[in-house]
Amino acid sequence: MTDQKRPAEDDGTPKFGRLLIVLLSAVALIGLITFASEAYYR
């Protein structure tokens, strides 16, 4: 009998590396938008 749902090694643990990359890219994007809008309205 084959088990269709195998538990992953990191099952239940948050992926902090991926979360950190997403947060840093979001902050960089907000900074870029702020810088671009500042340069545009001057």
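Structure's up top.
Residues numbered from 1 in each chain as written. Predicted model: local features only at pLDDT ≥ 70, side-chain atom pairs only at ≥ 80, totals over all residues. Heavy atoms only, no water.

A. The arrangement of the overall build of the chain in detail. Along the backbone of the chain there are one helix and zero strands. Out of the 42 residues in the chain, the part that is buried amounts to 0%. Carbon and sulfur atoms form 66% of the exposed surface of the chain, whose accessible area is close to 4600 Å². (Helix = DSSP H or I, 4+ residues; strand = E, 2+ residues; numbered from the N terminus. Buried < 20%, exposed > 50% of the residue type's maximum accessible area, 1.4 Å probe, protein only. Areas by Shrake-Rupley, 256 points an atom, 1.4 Å probe, with all protein chains shown as cover.)

B. A look at the packing of aromatic side chains. For the structure shown, the criterion picks out one aromatic pair. Consider the rings of Y40 and Y41, whose centres lie 5.2 Å apart with planes at 75°: the pair is edge-to-face. Y41 carries the same exposure label as Y40, and that label is exposed. (Phe/Tyr/Trp six-rings, centres within 6.5 Å; stacked < 30°, edge-to-face > 60°.)

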